[in-house]
Amino acid sequence: MQLHLTSGGVLVAGVDGINAAETVLIAQRKYADLKHRQSQIGLTIPEAFVHGIRHIGYLSNVDAIAELIDNSIQAYSQRVDLVFGYDGSVSLKKPSQPAVVDDGHGMAPEMLRLAMMWGGTHRENDRAGLGRYGYGLPSSAVSIGRRFTIVSKVAGGQLFAVTLDLDALDAGKYRNSAGDVALPSARRARLPAFINEYLRRTFPEGWHSGTIVVIEKLDRLDWATTLGIRINLVRHFGVTYHKLAKETAIHVDSHRVLPIDPLFLTPECEFFLLDEDRAQSLDRIDIKVRNPAAPGQEGQISLRYAWLPPSFGAIDKTRDAVGLNANARFPILKDYHGLIFSRNGRIIDVQSRVPWTVFINNDRYIRVEVEFSASLDEMFGVTTTKQQVSVSTAVWHALREAGLPKAIEHLRGKVRSAKLERRSVGGQRQDPTGLEEISKRLVQVPSHRPVRTVPLFTRDGVSLDLRPSDRHPLFNGTASKIETSRALRALVGQIINRASSSGGRRRSDYECLLEDWSDVLTRTGITDAPQILGSTDE
Ligand SMILES: Nc1ncnc2c1ncn2[C@@H]1O[C@H](COP(=O)(O)OP(=O)(O)O)[C@@H](O)[C@H]1O
Ligand SMILES: [Mg+2]
C-alpha cells in the first residue's frame, strides 16, 4: 500500500483505498470543525465522555452506591441512608429512584455544580480520607441511571439542587449560544415526597444540613427487588465499612448496617458471637513504606491474620458448611476469600491470586487483611473508583519481607491440623447438606392428632386471585400458639423444599421470601419461627 499527501496535506492510504480513506478524513475534518466551533476543543467531547464513563469503572451498582456513601462519611455525617422511591412504573417491589441521604455538612450552592462535574473536588489528591479524584459522585450516579440530582443544604441555609439529565445532554439542551456545554447552576429546590417523608420520620427534630443524591431513569440497575438489594447491601456495606461504623451509621431501606469484620476478630462486630466457634488470630504486623510518588509522606501497612475452626461456617457443627447447613458467616467466608485490601479503613478489594500462591476453596478458613494508608495509593495501584488494587512489585516485596507468605503457610497448617482432628473425632456422615433432616423436622406433625386440612387460602371466584382463607385458624383469630407455630413450620418447610429443589434466581427468590417472613415473624413476636428460619441463612 502506498501513502501520499492529499491536497489538504493529509497522509492517506494509496490508490486502492483512497476513496474510503478520503471519505473518512473528510468526515473527520467536518466533525473536528464542528466541535471546534462548539467548544474550543477541550480534552473531551462531553456527551461521548459521559456515555463512555457510564460503562467503565464500577463493577456493580453496589460499588457505585458505596462511592456516594464514602462522600457522606467524609462529610462528617452521623447517619447516611439509602432510601428508595417508587413510581410503580416498573413494579412496586423494584425502586425507580434510589437516593443516598446524609446529615453531613452539606454543600454551598456554588459547590453543587462543581460536585456534579467530573474532576470537581475540593480535595484533589488528598490522602487523608476516601475521595481524591473528583470523579466519584457523577461517575457512580450515571453508572446506574440516566439522570441524577444533587440536593444539598448547609446549616442555616436553603435547599439547592442541580440535575444532570443525559437525554437532555444528548439533545444539546446544555449547550449555550457559543456551542459549549454549560451545566446549569444550582437552583432553589423542593424535595420529592418520599424523601420529605423519610426526613420527617428519621429526623423528628429537623434535618439541619446534609446532601441527597437521587438517581433516576434507571437503565443500568442490576437488582431485581428491593428485598434483594437490601440483603445484599446490608452484608456488603457491613464488611466494607466495618472499621468506620463508629463514625457514620449506615442504613439501607431503614435497616441498620451492622459492622462485619471479615476476619471475625472484633467482638463488637456481627457474627462474632453467633456460636461457640471463634477465629484465632496471629500477631498483627505493622510496616512503614515510602512512596516515591508522594515524597515526604510515610505510608503504613498493617497485616491482620486469623484462622477459623473447620466448623466456623456450619450450623450443625458435626456436618460441613454446605447447603442449608451453612450459617450466616458462610457467605462472608465465600465472598471475602483471599487477601483483603483495606484503604484508610475501607475495604476496597479482595484478591485470591498473589505472586507466590493462589487461594483455593479450603483457604476460606484463613483470613488475611492488608490495611494501607492512601499515601501509598500509587504503590497499590488504586483505581479512581477505589474498587481494585494492582499491587506493585515493591509492595509485594515489602509484604514478603514482612513475612506474609510464611504467615499464610502457617495459617494453612493450623486449618489442616484442625480438620484432621475433627475428622478423627467425627464419624461418617450421611445427608451432607442436612436438607433431608431439616425438611423432615419442619413438616413433622404429631401423629396422635388427626390432621385438619383447612386450606390456607381461597380463590376469588371472579378475579381468581388468592387470598387468605377466613376458615383457617391462622386467619380467623382462633389459632393457638401451637397451631400457629405448626402452620408456620409447615409453610416454611414447603418454601425450604421449593428453595432446595430450584436453582439460581428462583432459589434466591425463595430465600428472599424466607428472609421476609423472618422479619415479619420477629416483629410479631412468634419466637420459635425465626429460629427455624435462621437455618436457611445461606
Ligand atoms: N455527601 C456530600 N456532602 C458534602 N459534600 C459532598 C458530598 N458528596 C460530594 N461532595 C463534594 O463534591 C465533591 C466531589 O465529590 P466526588 O465526585 O465524589 O469526588 P471526591 O470525593 O473524589 O472529592 C467532593 O470533593 C465534595 O466537595
Ligand atoms: Mg467521592
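Up top is the structure.
Read on for an overview of the structure. Only a predicted model underlies this, so the values are computations on that prediction, with no experimental measurement involved.

Scanning the chain for helices and strands turns up 17 helices and 19 strands. When the 538 residues of the chain are sorted by exposure, 47% land in the buried category. With the model as given, the accessible surface of the chain reaches about 27,700 Å², and the carbon-plus-sulfur share is 53%.

Nonpolar side chains in soluble globular proteins tend to end up buried together. Residues I301, L339, F341, F372, F380 and L399 are the most contacted members of the largest nonpolar core, which totals 52 residues. Discounting residues that sit within four places of it in the chain, F380 has contacts with I301, F341, V370, F372, V389, S390, V391 and V395. Counting 47 residues, the second largest nonpolar core, distinct from the first, contains Y58, L137, I250 and V252.

The mixed open sheet is built from 5 strands, whose spatial order is β11-β12-β17-β13-β14. Two strands close off the open sheet at either side, each with one partner strand: β11 (280-290) and β14 (346-351). Strand-to-strand, the axes of this sheet are offset by a mean angle of 20 degrees, without reference to chain direction. Of the strand pairs in this sheet, strand β13 (residues 339-343) and strand β17 (residues 366-372) are connected by 5 bridges, and their pairing is parallel. Note that in β17 the partner of L339 across the bridge is V368.

Under the definition given, this model contains 26 salt bridges. In this structure, the salt-bridge partner of R175 is E47, at a minimum N-O distance of 2.9 Å. Here E47 lies in helix α2 (residues 46-55) and R175 lies in the loop between α6 (166-170) and β7 (187-188), a separation of 128 residues in the sequence. Of the charged contacts in the structure, one is a salt bridge between D277 and K317, with a shortest N-O distance of 2.9 Å. Here D277 is found in the loop between β10 (255-256) and β11, whereas its partner K317 is found in the loop between β12 (298-307) and α9 (330-335), with 40 residues between them in sequence.

Positionally, S375 belongs in the loop between β17 and α10 (377-380). Apart from the residues lying within four places of it in its own chain, the contact partners of S375 are R127, N291, A294, Q297, E298 and G299.

With that settled, consider the site of ligand 1. Lining the immediate surroundings of ligand 1 are 22 residues, of which N71, D102, T121, H122 and G134 lie closest. At 3.3 Å from a nitrogen atom of ligand 1 is found a side-chain nitrogen or oxygen belonging to T211. Against a free-state accessible area of 530 Å², the protein chains account for coverage of 96% of ligand 1. Broken down by secondary-structure element, the contributors of at least two residues to the shell around ligand 1 are α3 (61-74), α4 (109-116) and α5 (136-142). For the shell around ligand 1, the leading source of residues is α5, giving 3 residues.

A word on the sheet that holds strand β4 (residues 97-102). The strand order across the open sheet formed by 8 strands is β7-β6-β5-β8-β4-β3-β9-β10, and the pairing between neighbours is mixed. Each having just a single partner strand, β7 and β10 make up the two edges of the open sheet. Summarising the sheet, β4 and strand β8 (residues 210-216) pair through 3 bridges and their orientation is antiparallel. Paired with V100 across the bridge in β8 is V213. On top of the sheet, α4 reaches β5 (147-153) and β6 (160-165); it is set at about 20 degrees to β6, its chief contact. Contacts from helix α8 (residues 226-240) reach β3 (79-85), β9 (249-252) and β10, with the element oriented near 160 degrees to β9.

What follows covers the pairing of β14. Across the 6 residues of β14, 5 count as buried, placing the element largely inside the fold. The pairing of β13 with β14 spans 5 bridges and is classified as antiparallel. If you follow F341 over to β14, its bridge partner there is D349. Between β13 and the antiparallel strand that follows it, β14, lie 2 residues; N344 among them carries a positive phi value of about 45 degrees.

Another point: the environment of D349. Checked against the element boundaries, D349 lands in strand β14. Residues D349 and V382, spaced 33 residues apart in sequence, show a C-alpha to C-alpha distance of 9.7 Å. Excluding residues that lie within four positions of it along the chain, D349 makes contacts with L339, I340, F341, Q387, Q388 and V389. Within the structure, the side chain of D349 is placed 3.2 Å from the side chain of Q351, a separation counted as a polar contact. Within polar-contact distance, the side chain of D349 engages the backbone nitrogen of V389 at 2.9 Å.

Before going further, it helps to examine the pairing of β8. The buried count for β8 comes to 7 of 7 residues, which makes it a mostly enclosed element. Along β8, one buried face is formed by G210, I212, V214 and E216 and the opposite face, lined by T211, V213 and I215, is buried too. Across 7 bridges, the pairing between β5 and β8 is antiparallel. Residue pairing across strands places F148 opposite I215, the latter belonging to β8.

As a further point, take the packing of aromatic side chains. Scanning all chains against the criterion turns up 7 aromatic pairs. Ring centres of F49 and W118 lie 5.5 Å apart, and the angle between their planes is 90 degrees; on these two criteria the pair is classed as edge-to-face. Of this pair, F49 sits in helix α2 while W118 is found in the loop between α4 and α5, placing the two residues 69 residues apart along the sequence. Overall, F49 belongs to the partly exposed group, its relative accessible area being 22%.

For K153, the location among the structural elements is in strand β5. No salt bridge is formed by the buried K153; the nearest opposite charge belongs to D102, separated by 12 Å. A polar contact is formed between the side chain of K153 and the backbone oxygen of H208, at a distance of 3.5 Å. Not counting the four nearest positions on each side in its chain, K153 is found in contact with H105, G106, M107, Q158, L159, W207, H208, S209 and G210.

Conventions we followed
Residues numbered from 1 in each chain as written. Chains lettered and ligands numbered in written order. Predicted model: local features only at pLDDT ≥ 70, side-chain atom pairs only at ≥ 80, totals over all residues. Heavy atoms only, no water. Helix = DSSP H or I, 4+ residues; strand = E, 2+ residues; numbered from the N terminus. Buried < 20%, exposed > 50% of the residue type's maximum accessible area, 1.4 Å probe, protein only. Areas by Shrake-Rupley, 256 points an atom, 1.4 Å probe, with all protein chains shown as cover. Core = buried A, V, L, I, M, F, W, Y, C linked by side-chain atoms within 4.5 Å. Contact = heavy atoms within 4.5 Å. Pairing = 2+ DSSP bridges. Axes fitted to C-alpha atoms, helices over the stretch in contact; angles between N-to-C directions. Salt bridge = Lys/Arg side-chain N within 4 Å of Asp/Glu carboxyl O. Near = heavy atom within 4 Å. Polar contact = N/O pair within 3.5 Å; in protein donor to acceptor, adjacent residues only side chain to side chain. Phe/Tyr/Trp six-rings, centres within 6.5 Å; stacked < 30°, edge-to-face > 60°. Lys, Arg positive; Asp, Glu negative; His and termini not counted.

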